[in-house]
Amino acid sequence: MELSIGGMTCASCAARVEKKLNRMDGVTATVNFATEKAKVSYPQGVQVADLIATVVKTGYTAEEPPPPASPEEAAAPAEDPELASLRTRLVVSALLALPVVLMSMVPALQFDSWQWLSLTLAAPVVVWGGLPFHQAALTNARHGAATMDTLVSVGTLAAFGWSLWALFFGDAGMPGMHDDFRLTISRMDGASTIYLEVAAGVVAFILLGRYLEARSKRRAGAALRALMELGAKDVAVLRDGREIRVPVGQLTVGDRFVVRPGEKVATDGTVVEGSSAVDASMLTGESVPVDVTVGDAVTGATVNAGGRLVVEATRVGADTQLARMARLVEDAQNGKAEVQRLADRISGIFVPVVLLIALVTFGVWLAATSDTAAAFTAAVAVLIIACPCALGLATPTALMVGTGRGAQLGILIRGPEVLESTRRVDTVVLDKTGTVTTGRMKLQQVYVVDGAAEKDVLRLAGALEHASEHPIAQAIAVGAQERTGDLPAVEHFANVPGRGVRGHVDGHEVTVGRFLEVLPDELARAKSAAEAEGRTAVVVARDGVALGVLTVADAIKETSAEAVRELRALGLTPVLLTGDNRAVAQAVARAVGIDSADVMAEVLPEDKVDVVKRLQSEGRTVAMVGDGVNDAAALATADLGLAMGTGTDAAIEASDLTLVRGDLRVAADAIRLSRRTLATIKGNLVWAFGYNVAALPLAAAGLLNPMIAGAAMAFSSVFVVTNSLRLRAFS
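Residues numbered from 1 in each chain as written. Predicted model: local features only at pLDDT ≥ 70, side-chain atom pairs only at ≥ 80, totals over all residues. Heavy atoms only, no water.

Naming follows an unreviewed UniProt entry, where the protein chain appears as Cation-transporting P-type ATPase B of Streptomyces albiflavescens. The record held by UniProt for the protein chain lists under Subcellular location (unreviewed entry) the comment "Cell membrane". (UniProt positions renumbered as here; feature names shortened; annotations may be inferred.)

Dropping the structure here:
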């Protein structure tokens with residue numbers, strides 16, 4: 001289950017909550033700072049109340065997420081109250097802190113008793129502006145813990161306290177006192193030195209960082225919110241022959257509802273009346289509307305771009321494709337990559353180590369210089385610059401943006417561990433039927449004898465096959481209807497097992513199939529050539545005389561050849577996998593650009609797993625793309641499983657990546673997006689680690705003024721989040 005965690009302010013907070021939950025018997029928890037959620041697995045005997053109590057004892061709040069909201073409730077509020085409160089605190093603090101910083105940095109502005117005005121302005125910034133840091137630090141101290149807030153609170157209160165002592169008990173309060181701002185630390189008279197600009201400036205800078213971070217995190221999750229808001233809010237349901245408008249939440253499976261042009265389809269269903277074009281671009285990223293008619297499936301949240309439709313609901317609520325997409329994206333955003341677990345472990349011990357370094361820095365400076373003020377300044381700089389915030393945000397923000405952008409493009413990434421797999425993959429196994437091909441038989445070519453018209457042959461064959469339910473017959477019937485228009489009526493129709501169909505059309509006996517043993521030379525050659533390439537060939541005869549040969553095959557998707565080129569460009573070797581005979585497989589491979597050596601034909605469904613394992617045993621890292629029930633085991637066995645969203649639930653559940661639309665080019669996009677997201681995560685972590693490693697020695701050596709340290713610390717978090725937001729431009 002998931003728990004919503006409140007009160008976390010940095011990665012070390014998340015690490016503490018996670019550590020406490022994992023100490024409970026049988027409990028496994030992952031806490032994500034960016035999404036403020038804990039994903040918890042717990043055994044029987046442990047109650048949800050026990051989990052919540054453990055979090056509360058750690059100093060934070062926890063609650064079960066509310067039930068799924070209706071579309072009206074799901075809409076994000078125009079203003080986040082927490083963000084508005086933070087902005088108010090930031091604006092007031094910045095306006096008060098700016099004069100303090102300017103007076104401290106520019107000696108020309110230091111009039112008589114300027115220090116007392118600085119104290120008047122800085123006090124509310126430190127006390128009220130920094131209140132969230134002080135409260136969190138106090139709460140953590142009660143539980144024997146230290147976090148980023150501890151560093152900020154101790155650093156700013158120490159600077160403010162020193163200033164009070166110098167003003168009231170030292171020489172700093174004397175009229176005419178002047179202070180020079182320095183980027184580095186030098187020897188100074190502690191009794192006449194004040195740090196009000198440090199106390200006020202650091203609070204303002206860190207509030208700015210918090211605000212930008214919170215706003216960026218909100219933008220990072222915008223794609224998921226937009227996905228959840230796509231659904232229709234109400235629907236015209238047919239009840240007793242009348243249309244009644246009801247909220248979408250009241251729909252049940254089996255209800256029939258009306259979708260007019262321009263309206264959204266309320267839920268997943270099957271068209272039972274009408275025909276139209278449906279625009280699924282907001283759900284799948286596919287820009288071209290898809291034609292639908294009676295018997296076709298439609299997905300909730302898509303837009304009816306044409307005529308009036310009556311749809312029967314097949315899935316409602318949490319079972320719809322939209323809800324499942326949102327759930328997959330949210331699960332992925334709440335997960336953690338292995339590299340983030342390392343960052344979290346470091347964050348968990350980082351703050352106590354920094355406190356120790358600050359004490360050592362103070363002691364070393366004091367021993368070396370006997371200058372209490374300089375030692376104090378260096379220690380405060382260490383406290384303030386060392387915040388591990390950027391470490392905690394490095395992975396979650398990139399993951400939130402990457403998975404959200406993927407959802408907009410029709411790519412669902414199941415979890416962060418998937419990203420590592422995409423980097424290593426070098427071979428991609430493509431299931432033929434439904435992946436490279438449409439999975440539906442289609443009329444390909446028509447050969448006729450001299451003196452016969454192609455249109456007449458198609459009319460006769462189409463009329464006869466229209467009465468049959470066989471997939472090959474339906475392909476011929478549909479193809480004939482598309483090329484000739486209306487088909488004539490059939491009388492005395494008969495299906496002859498193993499041979500084909502026969503009947504009377506326009507007063508003549510017509511057969512389609514394998515009724516004639518001897519054919520004219522040109523038809524015999526055409527039939528042999530088609531069968532050699534793996535296509536099915538049937539003979540059309542009228543009154544016992546052969547008129548033509550029709551060839552039927554599983555149609556290759558128009559985008560498959562381009563997709564194979566894109567996969568090769570990513571450094572992947574495509575392998576075609578099929579249960580069809582070798583001639584069919586080789587013909588498809590040639591058409592899409594797959595080498596004949598990389599074709600695996602006549603593979604039984606249960607043997608697909610063995611093929612994946614054999615490739616893995618050769619040292620390859622294998623991705624598998626499939627869509628059927630018989631692909632599920634192979635998808636799960638592969639190092640990376642990609643399921644076509646047009647396929648079965650079993651395949652989608654077994655996969656690591658789901659491609660919402662049945663376009664193989666999206667597989668290449670999915671791997672590119674995953675690799676780009678992983679690269680962003682690693683770039684963020686390199687920056688965050690490098691920043692802390694480089695900044696701590698500089699601060700300890702006295703090369704950083706504490707206020708500059710505060711600005712740099714705030715910038716590091718903002719940089720990490722902003723870098724992650726660049727993924728929103730992926731296309």
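Draft legend 1. Quick look at the overall build of the protein chain. Helices and strands together make up the secondary structure of the protein chain, namely 26 helices and 26 strands. Residues classed as buried in the protein chain amount to 53% of the 731 residues present. Look at the contacts in the protein chain between residues 6 or more apart in sequence, and 70% of them connect residues 24 or more apart. Summed over its atoms, the accessible surface of the protein chain is roughly 30800 Å², and 56% of this surface lies on carbon and sulfur atoms. (Helix = DSSP H or I, 4+ residues; strand = E, 2+ residues; numbered from the N terminus. Buried < 20%, exposed > 50% of the residue type's maximum accessible area, 1.4 Å probe, protein only. Contact = heavy atoms within 4.5 Å. Areas by Shrake-Rupley, 256 points an atom, 1.4 Å probe, with all protein chains shown as cover.)

Draft legend 2. The arrangement of helix α25 (residues 665-700) in detail. The first and last C-alpha atoms of α25 sit 53 Å apart over 36 residues, in line with the 52 Å expected at 1.5 Å per residue. One or two residues past the end of α25 sits Gly702, with phi positive at roughly 80°. (Expected span 1.5 Å × (residues − 1).)

Draft legend 3. Region of the structure containing the nonpolar core. Residues Ile411, Leu430, Leu640, Leu642 and Leu657 are the most contacted members of the largest nonpolar core, which totals 48 residues. Of the residues forming this core, the biggest block, 9 residues, is contributed by α25. Within the second largest apolar cluster, 38 residues are counted, among which are Val100, Leu167, Ala200 and Val202. (Core = buried A, V, L, I, M, F, W, Y, C linked by side-chain atoms within 4.5 Å.)

Draft legend 4. Inspection of the pairing of strand β17 (residues 491-496) at higher detail. Little of β17 is tucked away, with 0 of its 6 residues classed as buried. Counting the residues that bridge the hairpin from β17 to strand β18 (residues 500-505) gives 3 residues, and of these Gly498 lies at a positive phi of roughly 80°. (Pairing = 2+ DSSP bridges.)

Draft legend 5. Local environment of a nonpolar patch on the surface. Taken together, the side chains of Leu98, Leu102, Met105, Val106 and Leu109 present a nonpolar region at the surface, about 400 Å² in accessible area. In this fold, Met105 is placed in helix α4 (residues 81-105). (Patch = residues over 30% accessible without salt bridge, like charges linked within 9 Å, V, L, I, M, F, W, Y side chains within 5 Å. Salt bridge = Lys/Arg side-chain N within 4 Å of Asp/Glu carboxyl O.)

Draft legend 6. Spatial organisation of the packing of aromatic side chains. The full count for this structure, using the stated rule, is 4 aromatic pairs. Ring geometry for Trp162 and Phe376: centres 4.8 Å apart, planes at 20°, overall stacked. With Trp162 in helix α7 (residues 148-169) and Phe376 in helix α13 (residues 372-385), this pair connects stretches of sequence that are 214 residues apart. The exposure classification of Trp162 matches that of Phe376, with both residues buried. Ring centres of Trp687 and Phe719 lie 4.6 Å apart, and the angle between their planes is 40°; on these two criteria the pair is classed as tilted. Of the two residues, Trp687 is situated in helix α25 and Phe719 in helix α26 (residues 706-725); the sequence distance between them amounts to 32 residues. Its relative accessible area of 29% is what places Trp687 among the partly exposed residues. For Arg89, the ring lying beneath its charged end belongs to Trp128, and the centroid distance is 4.8 Å. (Phe/Tyr/Trp six-rings, centres within 6.5 Å; stacked < 30°, edge-to-face > 60°. Lys NZ or Arg CZ within 6 Å of the ring centre and 35° of its normal.)

Draft legend 7. Here's a closer look at the sheet that holds strand β4 (residues 61-63). Taken in spatial order, the 4 strands make up an open sheet running β2-β3-β1-β4, and their pairing is antiparallel. Sheet topology places β2 (28-32) and β4 at the edges, where each strand pairs with a single neighbour. Strand-to-strand, the axes of this sheet are offset by a mean angle of 25°, without reference to chain direction. (Axes fitted to C-alpha atoms, helices over the stretch in contact; angles between N-to-C directions.)

Draft legend 8. Fine view of the pattern of salt bridges. Applying the stated criterion across every chain yields a total of 16 salt bridges. Taking the shortest distance from any N to any O, the salt bridge between Lys37 and Glu2 comes out at 3.9 Å. You can see Lys37 sitting in strand β3 (residues 37-41) and its partner Glu2 sitting in strand β1 (residues 2-6), a full 35 residues away along the chain. Overall, Lys37 belongs to the buried group, its relative accessible area being 17%. Glu243 is paired through a salt bridge with Arg260; the nearest N and O atoms lie 2.8 Å apart. With Glu243 in strand β6 (residues 242-247) and Arg260 in the loop between β7 (256-259) and β8 (268-273), this residue pair connects regions lying 17 residues apart in the sequence. For Arg260, a relative accessible area of 31% puts it in the partly exposed group. By sharing partners, the salt bridges in this structure join Glu243, Arg260, Glu273 and Arg308 into a single network.

Draft legend 9. Local environment of the sheet that holds strand β5 (residues 234-239). Pairing is antiparallel across the open sheet formed by 6 strands, whose spatial order is β6-β5-β7-β13-β8-β11. The sheet is open, and its two borders are formed by β6 and β11 (297-298), each paired with just one other strand.

Draft legend 10. View of the UniProt feature "transmembrane region" (unreviewed entry) in the protein chain. When the UniProt feature table is mapped to this numbering, "transmembrane region" (unreviewed entry) covers residues 90-110, 116-138, 150-170, 190-209, 346-368, 374-395, 684-701 and 707-725. Taken end to end, residues 90-110 is 76% helix and 0% strand, and its two terminal C-alpha atoms sit 25 Å from one another.

Draft legend 11. Examining unusual backbone geometry more closely. In this model, Ser113 sits at a positive phi of 65°, which is unusual for a non-glycine residue. Mapped onto the elements of the fold, Ser113 is located in the loop between α4 and α5 (114-129). A positive phi is found at Asp543, a non-glycine position, where the angle reads about 55°. Note on placement: Asp543 falls in the loop between β20 (536-542) and β21 (545-556).

Draft legend 12. Looking closely at the confidence of the model for the protein chain. Averaged over all residues, the pLDDT of the protein chain equals 82, while 85% of them reach at least 70. In this model residues 69-77 is a low-confidence stretch, pLDDT under 50, and it forms 12 contacts with partners more than four residues away in sequence or in other chains. (pLDDT = per-residue confidence, 0-100.)

Draft legend 13. Highlighting the packing of helix α20 (residues 560-569) against α25. Where α20 meets α25, the closest approach of the two axes is 7 Å, and the angle between their N-to-C directions is 25°. Between α20 and α25, the crossing angle belongs to the class labelled roughly parallel. As α20 runs across α25, the sense of the crossing is left-handed. Contacts between α20 and α25 involve Glu562, Ala563, Glu566 and Leu567 from the former and Arg665, Ala667, Ala668, Asp669 and Ile671 from the latter. (Parallel < 35°, antiparallel > 145°, perpendicular 65-115°, else oblique. Left-handed = near helix turned anticlockwise from the far one by under 90°.)

Draft legend 14. Spatial organisation of the side chain of Thr427. As for its placement among the helices and strands, Thr427 is situated in strand β15 (residues 427-431). With relative accessibility at 2%, the residue Thr427 sits in the buried group. One polar contact links Thr427 to Asp426, side chain to side chain, over a distance of 3.0 Å. Excluding anything up to four places from it in sequence, Thr427 contacts Leu572, Thr573, Val575, Leu615, Arg620, Thr621, Val622 and Ala623. (Polar contact = N/O pair within 3.5 Å; in protein donor to acceptor, adjacent residues only side chain to side chain.)

Draft legend 15. Just the environment of Val660, in detail. The topology assignment puts Val660 in the loop between β26 (657-659) and α25. Residues Val660 and Met644, spaced 16 residues apart in sequence, show a C-alpha to C-alpha distance of 6.3 Å.

Draft legend 16. Focus on the pairing of β5. Pairing geometry for β5 and β6, over 6 bridges, is antiparallel. Each residue of the ladder has a partner; that of Arg239, found in β6, is Arg242. Adjacent in sequence and paired antiparallel, β5 and β6 are bridged by 2 residues, among which Asp240 carries a positive phi angle near 55°. Bridge count between β5 and β7: 2 bridges; the pairing is antiparallel. When the sheet's bridge partners are listed, Ala236 is paired in β7 with Val258.

Draft legend 17. The arrangement of helix α17 (residues 454-465) in detail. For α17, spanning 12 residues, the distance from its first C-alpha to its last is 16 Å, which sits close to the expected 16 Å at 1.5 Å a residue. Every buried residue of α17 is listed here: Val457, Leu458, Leu460, Ala461, Gly462, Ala463, Leu464 and Glu465.

Draft legend 18. Layout of the environment of Asp426. As for its placement among the helices and strands, Asp426 is situated in the loop between α15 (417-424) and β15. For Asp426 and Leu572, which are 146 residues apart along the polypeptide, the C-alpha to C-alpha distance reads 4.7 Å. Setting aside its immediate chain neighbours within four residues, Asp426 contacts Gly571, Leu572, Thr573, Gly619, Arg620 and Thr621.

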